[in-house]
Amino acid sequence: MKFSQRLDQLAPYLFVEINKKIAEKKAKGEEVISFGIGDPDLPTPSNVIEKLCQAAHDPANHRYPETEGLPQFRQAVAAWYEKRFGVALDPATEVLPLIGSKEGIGHIAFCLLDAGDIALVPDPAYPVYAVGTTLAGGTPYYLPLRAERDFLPDLAAVPPEVLAKTKLLWLNYPNNPTGAVAGLDFFRQAVEFAGKHDLAICHDGPYSEVTYGGYQAPSFLQVEGAKKVGIEFHSFSKTYNMTGWRVGMAVGNAQMIDALKRFKSNLDSGVPQAIQLAAIEALNGPQDAVAQHNAVYLRRRDLVAEVLSDIGCTVEPPKASLYIWAKVPPNYTSVEFAAELLDQVGVLVIPGTGYGPAGEGYVRLSLTISDAALVRALSKLQSWQDNRNRFKPKH
Ligand SMILES: *Cc1c(COP(=O)(O)O)cnc(C)c1O
């Protein structure tokens, strides 16, 4: 059987190697504790689950949904954007439900890019921006995110010959994997840049509600003119612990929303209605769970940051997101450090280079690990350090 060349372009997944190591350890009966994937361990709020159960009994929800989604879903999203960000959206033309935001993030590339077109993609980043670009026949041009620029891309550094072919700019704040945040001043620069060079912006914002210490993340759409050039992707996954339910949304520029809807209507049949109804309940129901979850992550954040500092990493506790982006101790590469922790104490952290070459020198730890596992993992990390001290030459 012969497969398409398209599939060959998908980078060999770093995680294949890691998973092999984990399997080996487990086969030997050793425990591996994973700070790997960003998938909330806490349950979905019960009012949302109740709503799904009720909606599942209604035969109207057993039939095909419409791609454009239920009018009530689009209205609930528009009302939430108004209340949360002061952003007005037309539910009829500026809101589209997605089968998880990942689905829309992958598919939007097909709506904007032809062969030879460039998309500006942050490095390090959530892998789907580059994957969607490549599958659609486009070429990613990477914008390094560095600590000295607060992990914001240097838009002015993109060469004119690249810009001439660029049709799309990807942004993501609060950021995965760096945990960095962006203010309205940066979004304003980006909107101006997009207008000047006639390109679209896709801002991916699933962590806007996962924030700490009173920090409130803005929406990219709060900037004047943002809706002329772009859309924002959002998700129920991280805010309401609904990764398994697969529901998100794209909002903003009506032409881009329409293009994505047309594309999707030819491939999928939209989000199951019972899930849309549960998602409406998440937005309209009590929001206490969000603050409770953030309090749990905040406590974990501080525990993890402290132990990482103790073992020689440099850590800036993030204002938002589910991730700690830690600089590895001197004289290690990302992969070496991650491999050593996995081999010696059975703790899995992800090498920063898994998110792009500019991630070298960092590892990512997700805070979505149960408290019990967290306590064990932290004492294992500490024991790694104690062992290292023991073998250090004494002066
Ligand atoms: C988790 C995540 C998503 C995807 O969320 P789904 O809605 O579950 O598909 C999108 N973007 C980033 C940066 C993420 O970390």
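Structural data are supplied above this passage.
Residues numbered from 1 in each chain as written. Predicted model: local features only at pLDDT ≥ 70, side-chain atom pairs only at ≥ 80, totals over all residues. Heavy atoms only, no water.

S.K.: Got a minute to help me understand the overall build of the protein in this structure?
M.R.: Check the secondary structure of the protein and you find 14 helices and twelve strands. In terms of C-alpha radius of gyration, the protein reaches 22 Å, essentially the compact-globule figure of 21 Å for 395 residues. When contacts within the protein are restricted to residue pairs at least 6 apart in sequence, those whose partners lie at least 24 apart make up 75%. Summed over all atoms, the accessible surface of the protein reaches about 18,100 Å², with 54% contributed by carbon and sulfur. (Helix = DSSP H or I, 4+ residues; strand = E, 2+ residues; numbered from the N terminus. Rg over C-alpha atoms; globule rule 2.2 N^0.38 Å. Contact = heavy atoms within 4.5 Å. Areas by Shrake-Rupley, 256 points an atom, 1.4 Å probe, with all protein chains shown as cover.)

S.K.: Explain the sheet that holds strand β6 (residues 200-204) to me, please; I cannot follow it from the model alone.
M.R.: Across a sheet, paired strands are connected by hydrogen bonds in the backbone, their directions being either parallel or antiparallel. Across the sheet, which stays open at both edges, the seven strands sit in the order β2-β8-β7-β6-β5-β3-β4 with mixed pairing between neighbours. The sheet is open, and its two edges are formed by β2 (95-98) and β4 (139-144), each paired on a single side. On average, each strand axis in the sheet is tilted by 25° relative to the strand beside it, whichever way the strands run. Direction of pairing for strand β3 (residues 118-123) relative to β4: parallel, over a ladder of six bridges. Paired with Leu-120 across the strands is Tyr-141, a residue of β4. (Pairing = 2+ DSSP bridges. Axes fitted to C-alpha atoms, helices over the stretch in contact; angles between N-to-C directions.)

S.K.: It is not clear to me how the environment of Leu-283 should be interpreted in this structure. Could you clarify?
M.R.: You can see Leu-283 is positioned in helix α11 (residues 273-284). A residue is classified by how much of its surface remains accessible, and Leu-283, at 3% relative accessible area, is buried. When the C-alpha positions of Leu-283 and Val-335 are compared, they lie 40 Å apart, and in sequence the two are 52 residues distant. Setting aside residues no more than four positions away along its own chain, Leu-283 makes contact with Ala-76, Val-77, Trp-80, Lys-83, Phe-236 and Tyr-240. (Buried < 20%, exposed > 50% of the residue type's maximum accessible area, 1.4 Å probe, protein only.)

S.K.: Is there a simple way to think about the site of the ligand in this case?
M.R.: By nearness alone, 15 residues border the ligand, and Asp-204, Tyr-207, Ser-235, Ser-237 and Lys-238 come closest of all. Between the ligand and Lys-102, the relevant distance is 2.9 Å, taken from an oxygen atom to a main-chain nitrogen or oxygen of the residue. In this structure, an oxygen atom belonging to the ligand sits 2.6 Å away from a side-chain N or O atom of Tyr-207. Relative to its unbound accessible area of 380 Å², the ligand is 94% covered by the protein chains. Among the elements that line the shell around the ligand, the one with the most residues is helix α5 (residues 101-112), at three residues. (Near = heavy atom within 4 Å. Polar contact = N/O pair within 3.5 Å; in protein donor to acceptor, adjacent residues only side chain to side chain.)

S.K.: Honestly, the side chain of Gln-273 in this entry has me stumped. Any pointers?
M.R.: Position of Gln-273 among the secondary structure elements: in helix α11. A relative accessible area of 14% means that Gln-273 is categorised as buried. Here Gln-273 is in contact with Ala-60, Asn-61, Tyr-64, Pro-65 and Leu-70, once residues within four sequence places are set aside.

S.K.: Any chance you could explain helix α8 (residues 184-197) here in plain terms?
M.R.: Because each turn of an α-helix spans 3.6 residues, side chains separated by three or four positions end up pointing in the same direction. For α8, built from 14 residues, the straight-helix expectation of 20 Å at 1.5 Å per residue is met to within 8% by its first-to-last C-alpha distance of 20 Å. Three or more residues of α8 are buried, namely Phe-186, Phe-187, Ala-190, Val-191, Phe-193 and Ala-194. Angularly, the buried residues of α8 cover 160° about the axis, an arc narrow enough to put them on a single face. α8 presents Asp-185, Glu-192 and Lys-196 as exposed residues on the side facing more than 90 degrees away from its buried surface. The inward-facing, buried residues of α8 abut β3, α7 (160-163), β5 (166-172), β6 and α9 (226-229). (Expected span 1.5 Å × (residues − 1). Arc of directions from axis to C-beta.)

S.K.: Before we go on, may I ask you to explain the packing of helix α4 (residues 71-85) against α11 in this structure?
M.R.: The relative placement of two packed helices comes down to the angle between their axes together with the axis-to-axis distance. α11 packs onto α4 with a crossing angle of 20° between their chain directions and a minimal axis gap of 9 Å. Put simply, α4 runs roughly parallel to α11. As for how α4 packs across α11, the hand of that crossing is left-handed. Contacts from Gln-72, Phe-73, Ala-76, Val-77, Trp-80 and Lys-83 in α4 reach Gln-276, Leu-277, Ala-279, Ile-280, Leu-283 and Asn-284 in α11. Here the residues of the contact of α4 with α11 sort into eight nonpolar, three polar and one charged. (Parallel < 35°, antiparallel > 145°, perpendicular 65-115°, else oblique. Left-handed = near helix turned anticlockwise from the far one by under 90°. Nonpolar A, V, L, I, M, F, W, Y, C, P; charged D, E, K, R; others polar.)

S.K.: When you look at the nonpolar core in this model, what are you seeing that I'm missing?
M.R.: One broad rule of soluble globular proteins: the nonpolar side chains tend to lie buried together. Counting residues in hydrophobic clusters, the biggest one holds 68 residues, and the most contacted among them are Phe-73, Tyr-81, Leu-169, Phe-236 and Val-247. Those residues in contact with Phe-236 that lie beyond four places of it in its chain are Phe-73, Asn-241, Met-242, Val-247, Gly-248, Met-249, Ala-279, Ala-282 and Leu-283. (Core = buried A, V, L, I, M, F, W, Y, C linked by side-chain atoms within 4.5 Å.)

Read these as layout, nothing more, since geometry by itself doesn't imply function.
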